[in-house]
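A structural walkthrough
Each chain, letter by letter, is given below.
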Amino acid sequence: MAGPFSHRAFTVLWCATVASNIGTWMHDVGAGWLMTELSPSPLLVASVQAATTLPVFLFALFAGAIADLVDRRKLLLRINAVLGGAAALFALLVHLEQVTPPILLGFTLIFGTGAAFIAPAWQAIVPSLVPRSELSSAVALNSMGINVSRAIGPAFAGFLIVAAGIAYPFAVNALSYIGIIAALTWWKPPAPKEEGLERERMGGAIRAGLHYAAYSQAFRATLLRAICFFLFASCFWAMLPLVARTVLAGGPSLYGILMAAVGAGAVAGAFLIPRLKQWLGNSGMVTAGTLGMIATLGATAFSTLQELAVVASLVAGFAWIMVLSTLNVSAQTALPDWVRARGLSIYLTVFFGSMTAGSLIWGQVASLTSIPVALMIAGATGLVLLLIALRAPLSTSDGSALAPSMHWPEPILATETVPDGPVVIQVEYEVAAEHQAAFRDLMRDLAKSRRRGGGYRWELTFDTAEPTRFVESWHEPSWLDHQRHHQRVSVEDQQLQERIAGQLVAGTRPRVRHLLRHEVS
């Protein structure tokens, strides 16, 4: 895993992010514990977790589109500056004992909203910091960094709460933003590649991201696996403050130790991930991590010993990093550069939406029954969801085939002005009778490719007078959108089209037409 650290920009930003995340985890532990002091209600305590994740669910897609359209470095700088100021104000309010449950949840929503805009932009810049061959290691190191901070931050927060007071973790969090702002100010990213076309508008950018996600089999599998894991695993995070305080009769120090144990387990797991992945593969990693989290929920539900809870937390951290790192890499490699931030925002929407829904569900279950019962039901739910998830194996591709192939020639436009409205693209093929079955099978895959690029109303027809002639047609929103499609068609698309060309009558080639709407008065 030393490879990515040989790149200075990655190293500087990684270190600054770890320091900032230590402050964030200190804030999260302090917020969770502060709510147990303000109100013992399981639903309110779980609402802190929900308020952290809900903004990401609500705003991530919009944030991803922004991150694909603007300067990501400037976006990250401005948001971190705003969050640093909010963190300082919140620390002051805690020190003055002016915080109530609504104020706590309100500030938690602010920090969650900031995270919603930071996460897609930050994840999208990772491929620009290291070569593609080191992307998997870089993503794993980022996940490990999160868990290094998770190991340090909670333990430090618990110590500060006992030794100095509840306000101090929040004050340290405010100071932690200085490092990440300084690192982003120092970093000079490479200039983005110019498309030579007018910048996409927000609505069109979001629509293009949704189109790609809907018709990418590899990305859809990643999303399904994420839902099936985070929906039940969220119970562990939502209930942990109450497990420490109520079930185990401990204080903030115990809560900090449990959170630190989770981080330590995750760090240990991060070092073993490359070897485990060679043995288990991507799908096997997620399955093993899911079983580990189910076992953790069961052990936590039945345990009244603090020592056993610490061991369970270690296992939880190990299982969590196995799943999170694998899904993060799977999402990255399923997305081409042009839609990366938007795709990652969809992944984050699913991630945090599942965490939000799970936190509220398990908080309500615990309110109606008990904390151990909620943990047991969540574990049983995890087993059911695992059976569903096994139907969606994860791709093993490294994503290199999603690079632009640029093999489509520039579309010809004979008129000086382009009419408004959609473009209809027609492609004629001459296919011998003995190849038509294979041709149709390949065209199903090509239909998904056209739709990933923004096409709609796709259909395949044949000529009744000449049964060897097939006509493929689809619509795209505008001529400009079709030009973007030309620039984004991938090596994977090119390989598919070459296989289709192998089914055609010898000596023939596909014939392409671009049809624009003509207004008739």
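Preceding this paragraph is the structure being described.
These lines cover the structure that appears in this document, whether it is placed above or below. (Residues numbered from 1 in each chain as written. Predicted model: local features only at pLDDT ≥ 70, side-chain atom pairs only at ≥ 80, totals over all residues. Heavy atoms only, no water.)

**Points about the overall build of the protein**
Counting secondary structure elements, the protein contains 15 helices and 4 strands. Taking 521 residues into account, the globule formula puts the C-alpha radius of gyration at 24 Å, and the protein, at 26 Å, falls close to it. Oriented by its inertia axes, the alpha-carbon framework of the protein measures out at about 85 × 50 × 45 Å. For the protein, buried positions account for 54% of its 521 residues. Considering only contacts within the protein whose residues lie at least 6 apart along the sequence, 85% involve residues at least 24 apart. (Helix = DSSP H or I, 4+ residues; strand = E, 2+ residues; numbered from the N terminus. Rg over C-alpha atoms; globule rule 2.2 N^0.38 Å. Buried < 20%, exposed > 50% of the residue type's maximum accessible area, 1.4 Å probe, protein only. Contact = heavy atoms within 4.5 Å.)

**A few points about the packing of aromatic side chains**
Pairs of aromatic rings are described using the distance from one ring centre to the other and the angle between the two planes. The final tally for this structure, using the stated rule, is 20 aromatic pairs. The interplanar angle of 80 degrees and the centroid separation of 5.1 Å between the aromatic rings of F5 and W14 together place this pair among those described as edge-to-face. When the centroid spacing of 5.4 Å and the interplanar angle of 65 degrees are considered together, the rings of F230 and W320 count as edge-to-face. With F230 in helix α8 (residues 217–247) and W320 in helix α10 (residues 306–333), this pair connects stretches of sequence that are 90 residues apart. Accessibility expressed as a relative area gives 0% for F230, which makes it buried. Using a relative accessible area of 2% as the deciding quantity, one classes W320 as buried. Every member of this aromatic cluster is reached through a ring pair, and the members are W25, F229, F230, F232, F236, W237, W320, Y347 and F351. (Phe/Tyr/Trp six-rings, centres within 6.5 Å; stacked < 30°, edge-to-face > 60°.)

**Observations regarding the packing of helix α1 (residues 8–38) against helix α6 (residues 167–186)**
One can describe the packing of α1 onto α6 by two numbers: an axis separation of 8 Å at closest approach and a directional angle of 160 degrees. In terms of their interaxial angle, α1 and α6 are classed as roughly antiparallel. The way α1 lies across α6 gives a crossing that is left-handed. Taken together, the residues that form the contact of α1 with α6 break down as 16 nonpolar, 9 polar and 1 charged. (Axes fitted to C-alpha atoms, helices over the stretch in contact; angles between N-to-C directions. Parallel < 35°, antiparallel > 145°, perpendicular 65-115°, else oblique. Left-handed = near helix turned anticlockwise from the far one by under 90°. Nonpolar A, V, L, I, M, F, W, Y, C, P; charged D, E, K, R; others polar.)

**Observations concerning α8**
Relative to the 45 Å expected for 31 residues at 1.5 Å per residue, α8 spans 43 Å between its end C-alpha atoms, a close match to the ideal helical length. Maximal helix bending in α8 amounts to about 50 degrees, located at M239; proline P241 follows within four positions. Counting buried positions along α8 yields 22 of 31 residues, so the element is predominantly enclosed. Just past α8, the residue A249 takes up positive phi, approximately 55 degrees. (Expected span 1.5 Å × (residues − 1). Bend = angle between axes of the 7 residues up to and from the residue.)

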